[in-house]
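Chain residues, written in single-letter form:
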Amino acid sequence: MSTGESNVICAEHEKLYKTLDAFIEEVKDKPGVLIEVLHKAQEMFGYLPTEVQSHVAERLNLPESQVYGVVTFYNFFTMKPRGKHQIKICLGTACYVKGAEKVLDRFKEELKVDMEEITEDGNFSLHGVRCLGACSMAPVVLIGEKDFYGKVTANEIPKILKKYRG
Ligand code: FES
(Lines give C-alpha, C1' and ligand atoms only; values in the text may rest on other atoms or scores of the structure.)
Protein backbone atom coordinates (compact mmCIF):
# COMPACT_ATOMS: atom_id res chain seq x y z
CA MET A 1 0.00 0.00 0.00
CA SER A 2 2.77 2.42 0.86
CA THR A 3 4.42 1.69 -2.54
CA GLY A 4 1.16 2.62 -4.25
CA GLU A 5 1.03 5.88 -2.32
CA SER A 6 4.59 6.79 -3.20
CA ASN A 7 3.86 6.04 -6.88
CA VAL A 8 0.97 8.45 -6.74
CA ILE A 9 3.22 11.09 -5.17
CA CYS A 10 5.90 10.47 -7.82
CA ALA A 11 3.42 10.77 -10.68
CA GLU A 12 2.07 13.96 -9.12
CA HIS A 13 5.61 15.35 -8.73
CA GLU A 14 6.53 14.41 -12.27
CA LYS A 15 3.56 16.43 -13.48
CA LEU A 16 4.65 19.39 -11.37
CA TYR A 17 8.21 19.22 -12.71
CA LYS A 18 6.92 19.16 -16.28
CA THR A 19 4.77 22.22 -15.66
CA LEU A 20 7.71 23.95 -14.00
CA ASP A 21 9.98 23.12 -16.95
CA ALA A 22 7.46 24.58 -19.38
CA PHE A 23 7.38 27.76 -17.27
CA ILE A 24 11.21 27.92 -17.21
CA GLU A 25 11.28 27.63 -21.01
CA GLU A 26 8.93 30.59 -21.24
CA VAL A 27 10.86 32.91 -18.94
CA LYS A 28 14.47 31.76 -19.10
CA ASP A 29 15.76 34.74 -21.08
CA LYS A 30 14.14 37.35 -18.86
CA PRO A 31 16.15 39.34 -16.30
CA GLY A 32 15.60 38.21 -12.70
CA VAL A 33 14.56 34.79 -13.94
CA LEU A 34 15.81 32.89 -10.87
CA ILE A 35 13.50 34.70 -8.43
CA GLU A 36 10.57 34.34 -10.80
CA VAL A 37 11.17 30.61 -11.22
CA LEU A 38 11.59 30.07 -7.48
CA HIS A 39 8.31 31.89 -6.84
CA LYS A 40 6.57 29.67 -9.34
CA ALA A 41 8.17 26.53 -7.89
CA GLN A 42 7.13 27.46 -4.34
CA GLU A 43 3.60 28.23 -5.49
CA MET A 44 3.44 24.77 -7.08
CA PHE A 45 5.24 22.60 -4.52
CA GLY A 46 4.30 24.66 -1.46
CA TYR A 47 7.97 24.97 -0.46
CA LEU A 48 11.47 24.64 -1.90
CA PRO A 49 13.15 21.41 -0.79
CA THR A 50 16.73 20.75 -1.99
CA GLU A 51 15.62 18.49 -4.85
CA VAL A 52 13.47 21.29 -6.30
CA GLN A 53 16.38 23.74 -5.90
CA SER A 54 18.74 21.32 -7.70
CA HIS A 55 16.25 20.93 -10.51
CA VAL A 56 15.94 24.70 -10.93
CA ALA A 57 19.74 25.10 -10.83
CA GLU A 58 20.19 22.46 -13.53
CA ARG A 59 17.52 23.90 -15.81
CA LEU A 60 18.83 27.44 -15.49
CA ASN A 61 22.45 26.36 -15.74
CA LEU A 62 23.33 27.91 -12.41
CA PRO A 63 25.39 26.59 -9.51
CA GLU A 64 23.20 25.01 -6.78
CA SER A 65 24.94 27.25 -4.24
CA GLN A 66 23.56 30.33 -6.01
CA VAL A 67 20.00 29.00 -5.88
CA TYR A 68 20.40 28.02 -2.22
CA GLY A 69 21.81 31.49 -1.49
CA VAL A 70 18.72 33.18 -2.93
CA VAL A 71 16.27 30.80 -1.19
CA THR A 72 17.85 31.41 2.20
CA PHE A 73 18.29 35.16 1.69
CA TYR A 74 14.64 36.05 1.10
CA ASN A 75 12.26 35.20 3.91
CA PHE A 76 9.31 34.68 1.58
CA PHE A 77 11.00 31.50 0.38
CA THR A 78 10.82 28.46 2.61
CA MET A 79 12.56 25.09 2.62
CA LYS A 80 10.01 23.62 5.02
CA PRO A 81 6.57 22.40 4.03
CA ARG A 82 3.73 24.69 5.04
CA GLY A 83 0.15 23.84 5.88
CA LYS A 84 -2.82 24.50 3.64
CA HIS A 85 -3.72 27.19 6.18
CA GLN A 86 -0.73 29.08 7.52
CA ILE A 87 -1.37 30.54 10.95
CA LYS A 88 0.81 33.56 11.64
CA ILE A 89 0.88 34.76 15.20
CA CYS A 90 2.24 38.22 15.76
CA LEU A 91 5.00 38.17 18.34
CA GLY A 92 5.80 41.87 18.10
CA THR A 93 6.09 43.85 21.34
CA ALA A 94 2.49 45.15 21.52
CA CYS A 95 1.04 41.71 20.84
CA TYR A 96 3.43 40.06 23.22
CA VAL A 97 2.44 42.45 26.03
CA LYS A 98 -1.26 41.75 25.33
CA GLY A 99 -0.89 37.98 25.63
CA ALA A 100 0.39 36.62 22.29
CA GLU A 101 2.27 33.90 24.14
CA LYS A 102 -0.94 32.47 25.62
CA VAL A 103 -2.53 32.55 22.17
CA LEU A 104 0.47 30.77 20.69
CA ASP A 105 0.43 28.13 23.45
CA ARG A 106 -3.24 27.43 22.81
CA PHE A 107 -2.64 27.01 19.07
CA LYS A 108 0.21 24.61 19.83
CA GLU A 109 -1.98 22.63 22.19
CA GLU A 110 -4.96 22.47 19.81
CA LEU A 111 -2.88 21.55 16.76
CA LYS A 112 -0.27 19.41 18.55
CA VAL A 113 2.57 21.12 16.71
CA ASP A 114 5.39 23.45 17.61
CA MET A 115 6.37 26.67 15.91
CA GLU A 116 7.27 26.28 12.20
CA GLU A 117 5.71 22.82 12.15
CA ILE A 118 2.91 21.40 10.06
CA THR A 119 -0.01 19.30 11.39
CA GLU A 120 -0.13 15.63 10.49
CA ASP A 121 -3.01 16.15 8.06
CA GLY A 122 -1.16 19.01 6.35
CA ASN A 123 -4.04 21.38 7.07
CA PHE A 124 -2.25 23.88 9.33
CA SER A 125 1.21 25.19 10.05
CA LEU A 126 2.19 27.58 12.80
CA HIS A 127 4.45 30.60 12.33
CA GLY A 128 5.61 33.47 14.50
CA VAL A 129 5.85 36.83 12.72
CA ARG A 130 6.94 40.36 13.60
CA CYS A 131 4.55 43.29 13.92
CA LEU A 132 1.69 43.01 11.44
CA GLY A 133 1.01 46.74 11.69
CA ALA A 134 -2.20 46.47 13.70
CA CYS A 135 -0.89 46.96 17.23
CA SER A 136 -4.12 48.61 18.43
CA MET A 137 -5.82 45.25 17.80
CA ALA A 138 -3.20 43.25 19.72
CA PRO A 139 -2.82 40.34 20.01
CA VAL A 140 -3.34 39.60 16.33
CA VAL A 141 -3.36 36.46 14.22
CA LEU A 142 -3.35 36.18 10.43
CA ILE A 143 -4.55 32.98 8.76
CA GLY A 144 -3.54 32.62 5.13
CA GLU A 145 -3.03 35.94 3.39
CA LYS A 146 -6.16 37.81 4.45
CA ASP A 147 -8.06 36.32 7.40
CA PHE A 148 -7.14 38.74 10.12
CA TYR A 149 -8.17 38.28 13.77
CA GLY A 150 -7.67 41.02 16.36
CA LYS A 151 -7.84 41.04 20.19
CA VAL A 152 -7.67 37.27 20.09
CA THR A 153 -8.07 35.34 23.33
CA ALA A 154 -6.89 31.79 23.93
CA ASN A 155 -10.48 30.64 24.48
CA GLU A 156 -11.55 31.74 20.99
CA ILE A 157 -9.02 29.56 19.24
CA PRO A 158 -11.00 26.30 18.96
CA LYS A 159 -13.83 28.31 17.32
CA ILE A 160 -11.41 30.00 14.91
CA LEU A 161 -9.82 26.67 13.94
CA LYS A 162 -13.20 25.08 13.35
CA LYS A 163 -13.77 27.38 10.36
CA TYR A 164 -10.78 25.83 8.58
CA ARG A 165 -11.40 22.20 9.51
CA GLY A 166 -13.02 19.79 7.02
S1 FES B 1 3.04 44.08 17.52
FE2 FES B 1 1.52 42.78 16.73
S3 FES B 1 0.55 44.01 15.27
FE4 FES B 1 2.11 45.28 16.00
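Above: the structure in question.
Bear in mind that the values here come from a model prediction, so they are computed numbers and not experimental data.

Engineer: Kindly report on the pattern of salt bridges, identifying the contributing residues and their values.
Structural biologist: Within the structure shown, the criterion is met by six salt bridges. Notably, a salt bridge pairs Lys88 with Glu145, separated by 3.5 Å at the nearest N-O pair. Of this pair, Lys88 sits in strand 1 (residues 85–90) while Glu145 sits in the loop between strand 3 (141–143) and strand 4 (147–149), placing them 57 residues apart in sequence. Look at Glu145 and you get exposed, because its relative accessible area is 69%.

Engineer: Could you give an account of the packing of aromatic side chains, naming the residues involved and the relevant values?
Structural biologist: Applying the stated criterion across every chain, the model contains five aromatic pairs. Each ring, one from Tyr17 and one from Phe45, has its centre 5.1 Å from the other, and the planes form 50 degrees; the classification is tilted. Here the residue Tyr17 occupies a position in helix 1 (residues 2–27), and Phe45 occupies one in helix 2 (residues 33–45), the gap between them amounting to 28 residues. Taken together, a centroid distance of 5.0 Å and an interplanar angle of 90 degrees make the contact between Phe73 and Tyr74 edge-to-face. With a relative accessible area of 63%, Phe73 lands in the exposed category. These aromatic residues form a ring-pair network of at least three members: Phe73, Tyr74, Phe76 and Phe77. Here the basic side chain of Lys40 rests over the ring of Phe23, its NZ or CZ set 5.3 Å away from the ring centre.

Engineer: Which residues make up the environment of Leu62, and what values do they have?
Structural biologist: For Leu62, the location among the structural elements is in the loop between helix 3 (50–60) and helix 4 (64–73). Given the relative accessible area of 25%, Leu62 is considered partly exposed. Taking the C-alpha atoms as reference, Leu62 lies 9.2 Å from Leu34; in sequence the two are 28 residues apart.

Criteria and cut-off values
Residues numbered from 1 in each chain as written. Predicted model: local features only at pLDDT ≥ 70, side-chain atom pairs only at ≥ 80, totals over all residues. Heavy atoms only, no water. Salt bridge = Lys/Arg side-chain N within 4 Å of Asp/Glu carboxyl O. Helix = DSSP H or I, 4+ residues; strand = E, 2+ residues; numbered from the N terminus. Buried < 20%, exposed > 50% of the residue type's maximum accessible area, 1.4 Å probe, protein only. Phe/Tyr/Trp six-rings, centres within 6.5 Å; stacked < 30°, edge-to-face > 60°. Lys NZ or Arg CZ within 6 Å of the ring centre and 35° of its normal.

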